[in-house]
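Working through the structure, step by step
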Amino acid sequence: MTRAILSLGSNLGDRYAYLKSAVEQLGESVVLVSGVYETPPWGDVDQPAYLNAVVLAVDPAADPAGWLTRVRAVEQAADRVRDPQRRFGPRTLDVDVIAVWQDDGTPVLSADPELTLPHPRAHQRAFVLKPWLDLQPYAQLPGHGWVTDLLNAPELTADANALTPRPDLPLESQE
């Protein structure tokens, strides 16, 4: 398994520095980085706004569990605290594995509660879908269809319109 879409988000502390650090820590596996978007909080609205981005990462040696281990290490380096009482609460850094594809382009599907693939709520999150389109205008979310169609669904229109591009906050891959 070699290719993964990873979603980055931060709404505590120096949000931009946390996103930059995540891209740096993912290192040479990052081949494309989306623009940064400022987004209202999702799920639990009583918290600060987020900065969000998406990366395309490639690593011939990584399997889905390896991607999960890698993103958790990146979160831990940012002192991410998981509050079991507040599932969608504020965080220094959140890195989600959205989808993984094998070498031949076949998407990995998993119902494992530790790593469900594709991410079970990605199709509902404009803050994942819009940055993803920055990277891959013809992206498809396995099991859900074209990312453009998902983003243009009536139930996501308000969320998509609430995203503010932040071109003043560039993120770059190592390549």
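Here goes a summary of the coordinates provided. Bear in mind the structure is a predicted one, so any value in this text is a computation, not a measurement. All residue numbers refer to positions counted from 1 along the written sequence of the respective chain. Owing to the predicted nature of the model, reporting of local features is limited to residues with pLDDT of at least 70; listing and counting of side-chain atom pairs is limited to 80 or more, with chain, interface and lining totals taken over all residues. Side-chain numbers here rest on the full set of heavy atoms in the structure, without hydrogens or water.

**Notes on the environment of Leu156**
Stated formally: To qualify as a helix, a DSSP run of H or I must reach at least 4 residues; to qualify as a strand, a run of E must reach at least 2; elements of each kind are numbered from the N terminus. Only protein chains enter the accessibility calculation, which uses a 1.4 Å probe; a residue whose area is less than 20% of its type maximum is buried, one above 50% is exposed, and one in between is partly exposed.
Here Leu156 lies in the loop between helix H4 (147-151) and helix H5 (157-161). Given a relative accessible area of 4%, Leu156 falls into the buried group. For the pair Leu156 and Tyr50, spaced 106 residues apart in sequence, the C-alpha to C-alpha distance is 17 Å.

**A few points about unusual backbone geometry**
Note the cis peptide between Leu117 and Pro118, where omega equals -5°. Relative to the helices and strands, Pro118 is located in the loop between strand S5 (94-101) and helix H3 (126-135).

**Points about the pairing of strand S4 (residues 50-58)**
Applied cut-off: Paired strands, in this sense, are two strands between which DSSP finds at least two bridges.
Burial of S4 is extensive: 8 of the 9 residues sit out of reach of the surface. Sheet topology note: the strand S1 (residues 3-10)/S4 ladder contains 8 bridges and is antiparallel. Note on S4: the bridge partner recorded for Ser7 is Val54. Bridging between strand S2 (residues 30-33) and S4 involves 3 bridges; their strand directions are antiparallel. What sits directly across from Leu32, in S4, is Leu56. Judged from the 3 bridges that link them, strand S3 (residues 37-39) and S4 form a sheet pairing that is antiparallel. Bridge assignment links Glu38 to a residue of S4, and that residue is Leu51.

**Regarding the pattern of salt bridges**
Cut-off, in case you're wondering: Salt bridges are counted wherever a side-chain nitrogen of Lys or Arg sits within 4 Å of a carboxyl oxygen of Asp or Glu.
With the rule as written, the count across this model stands at 7 salt bridges. Close ionic contact of Glu38 with Arg15 constitutes a salt bridge, the shortest N to O distance being 3.0 Å. Linking Glu38 in strand S3 with Arg15 in helix H1 (residues 15-26), this pair joins segments that are 23 residues apart in sequence. Note that Arg70 and Asp59 form a salt bridge whose closest N and O atoms lie 2.6 Å from each other. Note that Arg70 is positioned in helix H2 (residues 64-77) and Asp59 in the loop between S4 and H2, a separation of 11 residues in sequence. Judged by relative accessible area, which is 25%, Arg70 ranks as partly exposed. Residues joined by salt bridges that share partners form a network here, namely Arg15, Glu38, Arg166 and Asp168.

**Comments concerning H1**
To keep things clear, this is the line we draw: Expected span of a helix: the number of residues minus one, times 1.5 Å. Read the arc as the range of directions from the helix axis to the C-beta atoms. Contacts are assigned to residue pairs that have any heavy atoms within 4.5 Å of one another.
Helix length check: H1, at 12 residues, gives a terminal C-alpha distance of 17 Å against a target of 16 Å (1.5 Å per residue), a fit within 8%. Among the residues of H1, Arg15, Tyr16, Leu19, Ala22, Val23 and Leu26 are the ones counted as buried. Projected down its long axis, H1 carries its buried residues within an arc of 125°, all on one side. If you follow the buried residues of H1, they end up packed against S1, S2, S3, S4 and H2. Positive phi appears at Gly27, one or two residues downstream of H1, with a value of about 60°.

**Things to note about the side chain of Ser10**
For clarity, the cut-off: Definition of a polar contact: a pair of N or O atoms within 3.5 Å, with one able to donate and the other able to accept a hydrogen when the atoms are protein atoms, and with sequence-neighbouring residues admitted only if both atoms are side-chain atoms.
Tracing the sequence through the fold places Ser10 in strand S1. A polar contact of 2.5 Å, which involves the side chain of Ser10, links it to the backbone oxygen of Thr92. Setting aside residues no more than four positions away along its own chain, Ser10 makes contact with Arg15, Tyr18, Leu19, Ala49, Tyr50, Leu51, Arg91 and Thr92.

**Things to note about the packing of aromatic side chains**
Given two aromatic rings, one states the distance between the centres and the angle between the planes to describe the pair. The test is simple: Aromatic pairing here means that ring centres of Phe, Tyr or Trp (its six-membered ring) are within 6.5 Å. Orientation follows from the plane angle: under 30 degrees is stacked, over 60 is edge-to-face, and everything else is tilted. Whether a charge sits over a ring comes down to the Lys NZ or Arg CZ being within 6 Å of the ring centre and within 35 degrees of the ring normal.
Per the stated rule, a full pass over the model turns up 1 aromatic pair. In this structure, Arg3 packs its charged tip against the face of Trp101, placed 4.5 Å from the ring centre.

**As for the side chain of Ser29**
In this fold, Ser29 is placed in the loop between H1 and S2. At 3.3 Å, the side chain of Ser29 and the side chain of Arg70 are in polar contact. Look past the residues within four positions of Ser29 in its chain and what remains in contact with it is Leu56, Ala57, Val58, Asp59, Trp67 and Arg70.

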